[in-house]
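A structural walkthrough
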Amino acid sequence: MKQTLIALVEDKPGVLNRVASLFRRRNFNIESLAVGHSETPGISRMTIVTDEEELLRRNVVRENLFRLINVIEVDDVTDQPTVVRETALIKVRANATKRAEIMNIADIYRARIVDVATESLIVEITGDADKINSMTDLLKPFGIIETARTGALAMTRGTVTPRDPASYAKYAAGNGKRSH
Amino acid sequence: MAEMKTGAQIVIECLIKEGVEVVFGYPGGANLPIYDAMTFYPKIHHVLTRHEQGATHAADGYARVTGQVGVAMATSGPGATNMVTGIATAKMDSSPIVCITGQVGTGAIGGDAFQETDVTGVTLPVTKHNYLVTDVRDLAYTIKEAFYIARTGRPGPVLIDIPKDVQNAKCEFVYPEDPIDLPGYHPAARATVAQVARALALINAAKKPVILAGHGILLSGATGQVLEMAEKGSIPITTTLLGIGGIPAGHPLNMGMMGMHGEAAANQAIQEADLLLAFGMRFDDRVTGKLATYSPNSKKIHIDIDASELNKNVRVDVAINADLQVVLEQFNGDVEAADRTAWLNAIRDWQEDSSQRDIINSNDGIFRAAQAIFDVWKFTKDNNPVVVSDVGQHQMLEAQYFKHEKPHTLITSGGLGTMGFSLPAAIGARFGAPKGQEVWVIVGDGSIQMTITELMTAVQENSNINICIINNGYLGMVRQWQQLFYDERYAETPILSPDYVKLAEAYGVQGLRVTKREDTLAALSAAKAHNGPSLIEFVVEQHDMVYPMVPAGADLHQMIRRPTA
């Protein structure tokens, strides 16, 4: 099982660079990284998938990440029940005669056609990596023109969560320390 | 309404609030406003080093002697990039320094302006944290935060890059009195009750325990607690290079330094041990040798303030992320007195074997580097001086033959192994050390030539330091490897030196030369008596080796020993 980390980080310039630089210089491999806003203003959320599998090594990665000053919280959710999702846009060669066949495959994967042109269409699919890879294999014979994939997003299942993001709201608001 | 101040004034005001008395640096176009503001604050003494690398090493030396944050300043571009080696040195050795660099104006950033470099980008991997301050209203809090981060937890270098327009901009200056509260930084880690119980059970059950004491015992102020545990449980101690001084060298339980050029008895004890107690050290490759065969039969307890060091190089049985002093206070009451006579006797036998091989005992009329260093120790020991050593053979010989009895008396670049560190670091250490405590530099002929320009800084500051150059005409440590592993092909390791006595004279430094061992005492006395910097060149045997030696990648007990006399 590949290591999946969820990190809450301060939304400040250069934080993504700090995380990426850490992985490079410590010789940890990033399989995928997705970053965006969290539910708390001023706090960004990263989902990072690494190729580490063994527990002690995973701890070293987690602690290194946590050591960055701008990283507020790191959860290793590898062994927890987690929803993991990626999204892909796949542009497939498709003339009028092939269109129905491709739409049929998309249906099976609960993917959507989001653009149709005379010689191509774009399929949008969301799911875990296996699902996306599997559909990609079926689309290959038609001719894939281009693929764009996000990194994985992860969220643990259920309402029990070890952290309380609301408690970081005061930092997001500057904690009254900064003058602006 | 609070007083309006410029960014430059705010920088200096904040330094004074942090208790800074001395700043090491170099002015330039992008930090002119800060230097101009400094002229209005006589409380802060500025030391003009001759290179920005020297400024960072000086701040580092100051920090290591005092435990306070050292401060270095430089201008943008080349000024800042010259600091990188010094910052990396401080990072590897967990030394708290704050570097303040000027930057081109915010409007010019990214446009390849004159003397522009992405300094926060360049220094990101070698700082504990860094800042680019783009709004003068953030400046005071950022400086306070920087000092806090530098000195707390595992200390380290922090850099603040300040664009010139931010230095000139004005805002109301209200010093932030509230304590720093950062969402992602919680340096006060504690051990759990279960961890302490597990560790204690291992300690009390051990027959052949060894304490590995690193720089952390000094940084945490836990030297007393470590010694208390050792004495209570009759547990022998070995230190890393940076742990030297934390445990008195003359203490019967102190086996001396471990590792590549460590004491043979200490390395043998580690390999034979049934329990390793690793305190504030990080299992560097220079102390472990080959990891696969490292201390194969021992349980291992590792205590470090930096959680990312635990299980990084060596897998341990109990990993405790905590401040060493705090956690040892929890432990010590429950460490049981134990009879470990058999273990201590075995170690004594190994030590006896080593002392017979000691090069100090050789009496063949050849003047050796080890003897020069040994004689400096004998001459200065009653003063417990600060010794700043550089990098190479002389550094290892110093670690072996200079017996440090007090904490913070050995300042050296351990982790990064930065040649050229000693002279500028000694200038910084001189500002930090009490007036009556002497500062001696032990440096090789290669290392001194890397930063010899700082001699003039020492003269300008009338810095009372004594520089002992151990001149063997080679980059000795590299030559030693060539001698052992490259069939004596001495590629670019013979190195010429200037006439150091004449050079000293040109700089206005007292210069002396010693070519025979019997002349050392007179030279050392002259250096000690001289008010201001002195330089002694010891011309020593060229081909001496540092023994024992664990070849890189070999098992820790596979040492190349000193030949028996």
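As for the overall build of chain A
Scanning chain A from terminus to terminus reveals five helices and nine strands. Along the chain direction, N to C, the helices and strands of chain A fall in the order β-α-β-β-α-β-β-α-β-β-α-β-β-α. Looking at the 180 residues of chain A, the share that counts as buried comes to 27%. Partitioning the contacts of chain A with sequence separation of at least 6, the portion at a separation of at least 24 is 75%.

Let's talk about the overall build of chain B
The helix and strand tally for chain B stands at 23 helices and 20 strands. The C-alpha radius of gyration computed for chain B amounts to 24 Å, which stays within 12% of the reference 24 Å derived for 565 residues, consistent with globular compactness. Its C-alpha atoms put chain B at 75 × 65 × 45 Å along the principal axes. Counting all 565 residues of chain B, 57% fall into the buried class. When contacts within chain B are restricted to residue pairs at least 6 apart in sequence, those whose partners lie at least 24 apart make up 76%.

Quick word on the interface of chain B and chain A
Counting residues at the interface gives 21 residues for chain B, matched by 23 residues for chain A. The class makeup of the residues in the side of chain B that touches chain A is nine nonpolar, five polar and seven charged.

Observations concerning the domain arrangement of chain A
Reports often express the size of an interface as the amount of accessible area lost when the parts come together. Residues and elements named next belong to chain A. Domain assignment breaks chain A into domain 1 (4–80) and domain 2 (83–153). Relative placement of domain 1 and domain 2: their C-alpha centres are 29 Å apart. Taken together, the contacts link six residues of domain 1 with five residues of domain 2. Mapped onto the side of domain 1 that touches domain 2, the elements with two or more residues apiece are β2 (30–37) and β3 (43–50).

Concerning helix α12 (residues 264–272) of chain B
Residues and elements named next belong to chain B. Of all nine residues in α12, seven are buried; the element is thus mostly enclosed. Residues of α12 that are buried: Ala 264, Ala 265, Ala 266, Asn 267, Gln 268, Ala 269 and Ile 270. The inward-facing, buried residues of α12 abut β9 (209–213), β10 (237–239), β11 (254–257), β12 (275–279) and α15 (341–356).

Regarding the environment of B:Val158
Residue and element names in this part refer to chain B. Looking at the element boundaries, Val 158 is found in strand β7 (residues 158–163). A residue is classified by how many C-beta atoms lie within 10 Å of it, and Val 158, with 29 of them, is buried. Sequence spacing of Val 158 and Ile 100 is 58 residues, and the spatial spacing of their C-alpha atoms is 8.7 Å. Not counting chain neighbours up to four residues away, the residues in contact with Val 158 comprise Val 98, Thr 127, Lys 128, His 129, Asn 130, Ala 146, Ile 149 and Ala 150.

Concerning the nonpolar core
A general tendency of soluble globular proteins is for nonpolar side chains to be buried together. With 196 residues, the main nonpolar core has B:Val98, B:Val226 and B:Phe279 as its most contacted residues. When residues no more than four places from it in sequence are discounted, the contact partners of B:Val226 are B:Ile211, B:Ala213, B:Ile217, B:Ile247, B:Phe279 and B:Leu328. Ranked by size, the runner-up nonpolar core spans 13 residues in total, among them A:Ala88, A:Ile90, A:Val123 and A:Met135.

Digging into the sheet that holds strand β6 (residues 129–132) of chain B
Residue and element names in this part refer to chain B. Spatially, β3-β2-β4-β5-β7-β6 is the arrangement adopted by the six strands of the open sheet, whose pairing is parallel. Of all the strands in the sheet, just β3 (45–48) and β6 have a single pairing partner and so form its edges. Here the strands of the sheet are splayed against their neighbours by 20° on average, with no regard to which way each runs. Bridge analysis of strand β2 (residues 22–25) against strand β4 (residues 70–74) gives two bridges, and the strand direction is parallel. Note on β4: the bridge partner recorded for Gly 25 is Met 73.

Points about the pairing of β7(B)
Residue and element names in this part refer to chain B. Among the six residues in β7, six count as buried, and that is most of the element. Burial along β7 is two-sided: Val 158, Ile 160 and Ile 162 facing one way and Leu 159, Asp 161 and Pro 163 facing the other are all buried. Looking at chain direction, strand β5 (residues 97–103) and β7 are connected through six bridges and run parallel. Counterpart to Gly 102 in the pairing with β7 is Ile 162. Sheet analysis places β6 next to β7, joined by four bridges and oriented parallel. Paired with Leu 132 across the bridge in β7 is Asp 161. Each parallel crossover has a hand, and for β6 linked through helix α7 (residues 139–151) to β7 it is right-handed.

Observations concerning the domain arrangement of chain B
Residue and element names in this part refer to chain B. Domain annotation for chain B reports domain 1 (4–172), domain 2 (193–353) and domain 3 (359–539). Each of domain 1 and domain 2 has a C-alpha centre, and the two are 37 Å apart. On the side of domain 2, five residues touch domain 1, which itself brings five residues to the contact. Class assignment of the residues belonging to the side of domain 1 that touches domain 2 gives a composition of one nonpolar, two polar and two charged.

Some details on the sheet that holds strand β19 (residues 510–514) of chain B
Residue and element names in this part refer to chain B. With parallel pairing, the six strands of this open sheet are ordered in space as β16-β15-β17-β18-β20-β19. For this open sheet the edge positions go to β16 (410–411) and β19, each flanked by a neighbour on one side alone. Across two bridges, the pairing between strand β15 (residues 386–389) and β16 is parallel. Counted as the bridge partner of Val 387 is Leu 410 from β16. Packing against the sheet, helix α16 (residues 369–380) makes contact with β17 (439–444), β18 (465–471) and β20 (534–539), and its axis sits at approximately 180° to β17. Contacts from helix α17 (residues 393–401) reach β15, β17 and β18, with the element oriented near 135° to β17.

Quick notes on unusual backbone geometry
Residue and element names in this part refer to chain B. A cis amide bond, omega -5°, links Tyr 547 with the succeeding residue Pro 548. One non-glycine residue, Ser 295, lies in positive phi territory at about 35°. Position of Ser 295 among the secondary structure elements: in the loop between α13 (285–288) and β13 (299–304). Here Ser 295 falls in the buried class, since 24 other C-beta atoms lie within 10 Å of it.

Some details on the pairing of β9(B)
Residues and elements named next belong to chain B. The element β9 is extensively covered by neighbouring structure, given that five of its five residues are classed as buried. Residues Pro 209, Ile 211 and Ala 213 point to one face of β9 and Val 210 and Leu 212 to the other, with burial holding for every one of them. As paired strands, β9 and β12 are joined by five bridges and run parallel to one another. Each residue of the ladder has a partner; that of Val 210, found in β12, is Leu 276. The pairing of β9 with β10 spans three bridges and is classified as parallel. From the neighbouring strand, Ala 213 faces β10, where its bridge partner is Thr 239.

Let's talk about the environment of A:Val92
Residues and elements named next belong to chain A. Turning to its location among the elements, Val 92 is positioned in strand β5 (residues 82–93). Given 24 C-beta atoms within a 10 Å radius, Val 92 is considered buried. Not counting the four nearest positions on each side in its chain, Val 92 is found in contact with Ile 102, Ser 120, Leu 121, Val 123, Leu 139, Phe 142, Gly 143, Ile 144 and Ile 145.

Notes on the packing of helix α3 (residues 52–66) of chain B against helix α18 (residues 422–432) of chain B
All names here are of chain B. Packing of α3 against α18 leaves a shortest axis separation of 6 Å and a crossing angle of 40°. With respect to each other, α3 and α18 are oriented oblique. Crossing of α3 against α18: the hand is right-handed. Here Gly 54, His 57, Ala 58, Ala 59, Asp 60, Gly 61, Tyr 62, Val 65 and Thr 66 of α3 come into contact with α18, specifically with Pro 424, Ala 425, Ala 426, Ile 427, Gly 428, Ala 429, Phe 431 and Gly 432. Grouping the constituent residues of the contact of α3 with α18 by class yields 10 nonpolar, six polar and one charged.

Cut-offs and rules
- Here, residues in each chain are numbered from 1, in the same order as that chain's written sequence.
- Chain letters and ligand numbers both follow the written order, the letters beginning at A and the numbers at 1.
- For a predicted model such as this one, the threshold for reporting local features is a pLDDT of at least 70, and the threshold for listing and counting side-chain atom pairs is 80 or more; totals across whole chains, interfaces and linings nevertheless cover every residue.
- Segments assigned H or I by DSSP are reported as helices when at least four residues long, segments assigned E as strands when at least two residues long, and all are numbered from the N terminus.
- Note on burial: count the other C-beta atoms lying within 10 Å of the residue's C-beta; 20 or more is buried, 12 or fewer is exposed, in between is partly exposed, and C-beta positions come from the backbone.
- By definition, residues are in contact whenever their C-beta atoms, placed on the basis of the backbone, come within 7 Å of each other.
- In this setup the radius of gyration rests on C-alpha atoms only. A globule is expected at 2.2 Å times the number of residues raised to 0.38.
- Residue polarity follows a fixed list, in which Ala, Val, Leu, Ile, Met, Phe, Trp, Tyr, Cys and Pro are nonpolar, Asp, Glu, Lys and Arg are charged, and the others, Gly among them, are polar.
- Throughout the structure description, domain borders are defined by an automatic or database domain assignment.
- Only buried residues count toward a nonpolar core: Ala, Val, Leu, Ile, Met, Phe, Trp, Tyr and Cys, linked into one set through C-beta atoms within 7 Å.
- Strands pair, by our definition, only if DSSP identifies at least two bridges between them.
- Helix axes are fitted to C-alpha atoms over the stretch in contact, other axes to C-alpha atoms as well, and angles between N-to-C directions run from 0 to 180 degrees.
- With the strands aimed away from the viewer, a crossover counts as right-handed if its path from the first strand over the helix to the second runs clockwise.
- Oblique is the label for every angle not falling under 35 degrees (roughly parallel), over 145 degrees (roughly antiparallel), or within 65 to 115 degrees (roughly perpendicular).
- The handedness criterion is simple: a crossing whose near helix is rotated anticlockwise from the far helix by less than a right angle is left-handed, and one whose near helix is rotated clockwise is right-handed.

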